[in-house]
Amino acid sequence: MNRKGSNETNMNKKIVVALGGNAILADDPSAEAQRESLRYTSKKLVKLIKQGYQLIITHGNGPQVGNLLLQQKAGDSLANPALPLDTCVAMTQGSIGYWLQNALREAMRAENIEKDVVSIVTQVLVDADDDAFSNPTKPIGPFLTEEEAAFSRMADNSTYMEDAGRGWRKVVPSPKPIHIIESPIVDGLVEKGIITISAGGGGIPVIETPEGYQGVEAVIDKDFTAAKLAELVNADYLIILTGVDNVYVNYNKPNQKKLERVKTSEMQQHILDHQFADGSMLPKIEAVIQFLENTKNGKAVITSLANIDKIFSEEGSFTLVEN
Ligand SMILES: Nc1ncnc2c1ncn2[C@@H]1O[C@H](COP(=O)(O)OP(=O)(O)O)[C@@H](O)[C@H]1O
Ligand SMILES: NC(=O)OP(=O)(O)O
C-alpha cells in the first residue's frame, strides 16, 4: 500500500475478505449465474494472491438463504419436511463454498499459482438470550414490493421490512457472533498457506447446551463475523466488499461526500450523526470499528469488488479506516 496506506512489504500479510451476498447473486438466482459472478470475483482476488497476500475469505448468504427457505417451504410435506434455518445456512456455506473454491482454483491455474483452497463448514456461537431473537432485523431472500411483502406476511407469519430503499425483504433474527468454533482450524490452515473460505453467511448460528452445540433459527451478519474472524486470525486487513466504491456521508443527497481515509473516532461521530443506513452500511461500519478496537495495527477497507486489486496501488477508490 502506498498512496493511502503504508509501504510495508505485503509478503504473508493476512487479509480477511468479506464478499457481500448480493455481489454473488445480483438479478439471476440460477447456479450458473452465481458461479459466473464468483469466477469474476476470483479473477480479482487472485491479483491479491499474486501480490503475496494470504487470503482468508468469508461471504454473505442473505439472498441465497432466503431463496433456499422459499424452496424448503414450497416442497414441505410430512414425507419431506422443510429444513430449519440453521441447516439452510449450512447448505449455503456448502453451495457457495463449492462454487467459490472451484472458481478460485480455475483463476489461480490461469495465473500459474499453485495453492490449495478449501471451504470449511463453520459454526458460530451466539447468546441464546440475545435481544435479536425477539427483534428480527436481518434481510434475506428476494426484494419484494410492499404489496408482495404484505401478502407473504399473511402466508408465512414472518416479519418483512423495507431494505435501504431497495424493496421489501423478509427479516430474521441476527444475533451477534461471540466466537467462531472452528477458528483454530482456520488459523492452522492459514499458517500452512492454504486459502480458506469459512464462516460463510455469518456462520451457522449455534448456542451452547449441556448436550453440545445446538443450531438456532437466525442468520448472523457476515460483516460482524468477518470482524471476529479477522480478530481471531490476527489479520492485517479486513476488506469488506460491497456495492459501492466508498462509504459516503450524506449518501444519495446532492451534498454527498466520499470518505477516503478516516480514523475510527471520525467514523464513530458519523454513526452518531446517523450517516449510515441500518441493516446495510451501518453494520459494516460497526464491524470495522469492532475489528480495529480489538487489533493493534489492523486496517480496514470498504469498497467494491471492482477496486479490490487496486487497493494496494496508486489507483482505485475506497474507504480506509484506521485507528
Ligand atoms: N453512507 C453510505 N455510504 C455508502 N453506501 C451506503 C450508505 N448508506 C447505505 N448505503 C448502501 O449500503 C449498501 C451496502 O449494504 P448491502 O447491500 O446490504 O451490503 P452487502 O454488499 O453486504 O449485501 C451500499 O451498496 C449502499 O447502497
Ligand atoms: N449473512 C449475511 O450477512 O449475508 P449478506 O451479506 O448476504 O446479507
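Since we're looking at a predicted model, the values are computed, not measured.

Draft legend 1. Expanded view of the packing of helix α8 (residues 264-272) against helix α9 (residues 281-293). As a packed pair, α8 and α9 sit with axes 11 Å apart at the nearest point and diverge in direction by 145°. With respect to the hand of their crossing, α8 and α9 are arranged in left-handed fashion. Contacts between α8 and α9 involve T264, M267, Q268 and I271 from the former and L282, I285, E286, I289, L292 and E293 from the latter. Grouping the constituent residues of the contact of α8 with α9 by class yields six nonpolar, two polar and two charged.

Draft legend 2. Region of the structure containing the pattern of salt bridges. Under the definition given, this model contains 15 salt bridges. Between E111 and K50 there is a salt bridge, with its nearest N and O atoms 2.8 Å apart. Of this pair, E111 sits in the loop between α4 (85-110) and β3 (117-120) while K50 sits in helix α2 (residues 31-50); the two residues are 61 residues apart in sequence, bridging distant segments of the chain. A relative accessible area of 34% places E111 in the partly exposed class.

Draft legend 3. Layout of the site of ligand 1. Near ligand 1 lie 18 residues; those nearest to it are R166, K222, T242, Y248 and K284. One of the side-chain N or O atoms of K222 is found 2.8 Å from an oxygen atom in ligand 1. Coverage of ligand 1 by the protein chains reaches 88% of its 570 Å² of free accessible surface. Elements with a contribution of two residues or more to the shell around ligand 1: β13 (247-249) and α9. Taken together, the residues of the shell around ligand 1 sort by class into seven nonpolar, eight polar and three charged. For the shell around ligand 1, the domains that each give at least three residues are domain 1 (1-125 + 178-235) and domain 2 (239-322).

Rules used throughout
Residues numbered from 1 in each chain as written. Chains lettered and ligands numbered in written order. Predicted model: local features only at pLDDT ≥ 70, side-chain atom pairs only at ≥ 80, totals over all residues. Heavy atoms only, no water. Axes fitted to C-alpha atoms, helices over the stretch in contact; angles between N-to-C directions. Helix = DSSP H or I, 4+ residues; strand = E, 2+ residues; numbered from the N terminus. Left-handed = near helix turned anticlockwise from the far one by under 90°. Contact = heavy atoms within 4.5 Å. Nonpolar A, V, L, I, M, F, W, Y, C, P; charged D, E, K, R; others polar. Salt bridge = Lys/Arg side-chain N within 4 Å of Asp/Glu carboxyl O. Buried < 20%, exposed > 50% of the residue type's maximum accessible area, 1.4 Å probe, protein only. Near = heavy atom within 4 Å. Polar contact = N/O pair within 3.5 Å; in protein donor to acceptor, adjacent residues only side chain to side chain. Areas by Shrake-Rupley, 256 points an atom, 1.4 Å probe, with all protein chains shown as cover. Domains from an automatic or database assignment.

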